[in-house]
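# Fold and geometry: a report
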Amino acid sequence: MSTNAEHLPDRDPAFPDEPMTTTPPAGAPPATTAPPAMPAAKRRQSLSSRTGNTWIGLIAGALILIVLLVFILQNLDQVQVGLFFWHFSLPLGVAVLLSVIGGALVMALVGGVRILQLRRAAKK
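Values in this document were obtained by computation on a predicted structure and should not be read as measured data.

Criteria and thresholds
Residues numbered from 1 in each chain as written. Predicted model: local features only at pLDDT ≥ 70, side-chain atom pairs only at ≥ 80, totals over all residues. Heavy atoms only, no water. Helix = DSSP H or I, 4+ residues; strand = E, 2+ residues; numbered from the N terminus. Buried < 20%, exposed > 50% of the residue type's maximum accessible area, 1.4 Å probe, protein only. Contact = heavy atoms within 4.5 Å. Pairing = 2+ DSSP bridges. Patch = residues over 30% accessible without salt bridge, like charges linked within 9 Å, V, L, I, M, F, W, Y side chains within 5 Å. Areas by Shrake-Rupley, 256 points an atom, 1.4 Å probe, with all protein chains shown as cover. Salt bridge = Lys/Arg side-chain N within 4 Å of Asp/Glu carboxyl O. Lys, Arg positive; Asp, Glu negative; His and termini not counted. Charge placed at Lys NZ, Arg CZ, Asp CG, Glu CD. Phe/Tyr/Trp six-rings, centres within 6.5 Å; stacked < 30°, edge-to-face > 60°. Expected span 1.5 Å × (residues − 1). Axes fitted to C-alpha atoms, helices over the stretch in contact; angles between N-to-C directions. Parallel < 35°, antiparallel > 145°, perpendicular 65-115°, else oblique. Nonpolar A, V, L, I, M, F, W, Y, C, P; charged D, E, K, R; others polar.

## Description of the overall build of the protein
The secondary structure content of the protein amounts to two helices and two strands. In the protein, the succession of α and β elements from N to C terminus is α-β-β-α. Buried residues in the protein amount to 4% of all 124 residues. Sequence-distant contacts, at least 24 apart, represent 8% of the contacts inside the protein between residues at least 6 apart.

## Describing the pairing of strand S2 (residues 86–91)
Here is the key point about a regular strand: its side chains alternate between the two faces of the sheet. Across six bridges, the pairing between strand S1 (residues 78–83) and S2 is antiparallel. By the bridge assignment, Leu 83 is partnered in S2 with Trp 86. Following S1, the chain reverses through two residues before pairing antiparallel with S2; Phe 84 in that reversal takes a positive phi of roughly 55 degrees.

## A few points about the environment of Leu 73
Relative to the assigned elements, Leu 73 resides in helix H1 (residues 50–74). Given the relative accessible area of 52%, Leu 73 is considered exposed.

## Some words on unusual backbone geometry
Phi is positive for Phe 84, which is not a glycine, with a value near 55 degrees. Relative to the assigned elements, Phe 84 resides in the loop between S1 and S2.

## A look at a positive patch on the surface
Taken together, the side chains of Arg 119, Arg 120, Lys 123 and Lys 124 define a basic patch exposed on the protein surface. Along the polypeptide, Arg 120 turns up in helix H2 (residues 92–123).

## Regarding the packing of aromatic side chains
The full count for this structure, using the stated rule, is one aromatic pair. Ring centres 4.9 Å apart and planes at 45 degrees place the aromatic pair Phe 85 and Trp 86 in the tilted group. A relative accessible area of 66% means that Phe 85 is categorised as exposed.

## Some details on H1
Structural remark: α-helix, 3.6 residues per turn; residues separated by three or four positions point the same way. Look at H1: 36 Å from first C-alpha to last across 25 residues, which is about the 36 Å you get at 1.5 Å a residue. Among the 25 residues that make up H1, one are buried, leaving the element largely open to the surroundings.

## Some remarks on a nonpolar patch on the surface
On the surface, Trp 55, Leu 58, Ile 59, Leu 63, Ile 66 and Val 70 cluster together into a nonpolar patch covering about 630 Å² of accessible area. Along the chain, the position of Trp 55 falls in helix H1.

## Observations concerning the packing of H1 against H2
Where H1 contacts H2, the axes come no closer than 6 Å and their chain directions differ by 135 degrees. As judged from the angle between their axes, H1 and H2 are oblique. Residue-level contacts link Leu 68, Phe 71 and Ile 72 of H1 to Gly 93, Val 94, Val 96 and Leu 97 of H2. Class assignment of the residues belonging to the contact of H1 with H2 gives a composition of six nonpolar, one polar and no charged.

That's the geometry; what it means functionally is another story.
In structure tokens form, the structure reads like this:
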């Protein structure tokens, strides 16, 4: 079988979509092509920094606190809360905020335990 371009086999009419492939002779080294040389690009300086990210975090935190304050001020109706043997009255917004904080603490506790498990497994 010749690998000369003039002597390539014809396409099989039963498979018109099949691409034509040629195999190099057994003794020929594999063909390698070098990637084109890329011009040296200027290094783009990062626009973010720790100080900038901290500033954005502080602004986001302040906005969340403002939204929480508005939520609490709009939900000042008193509700009765019972926790084990304690019974007390709180504004609705404060009660919801405390329940969310409690849920976040439980989530952080479970996540912390899982992190410790993974660290122990990684040390082994």
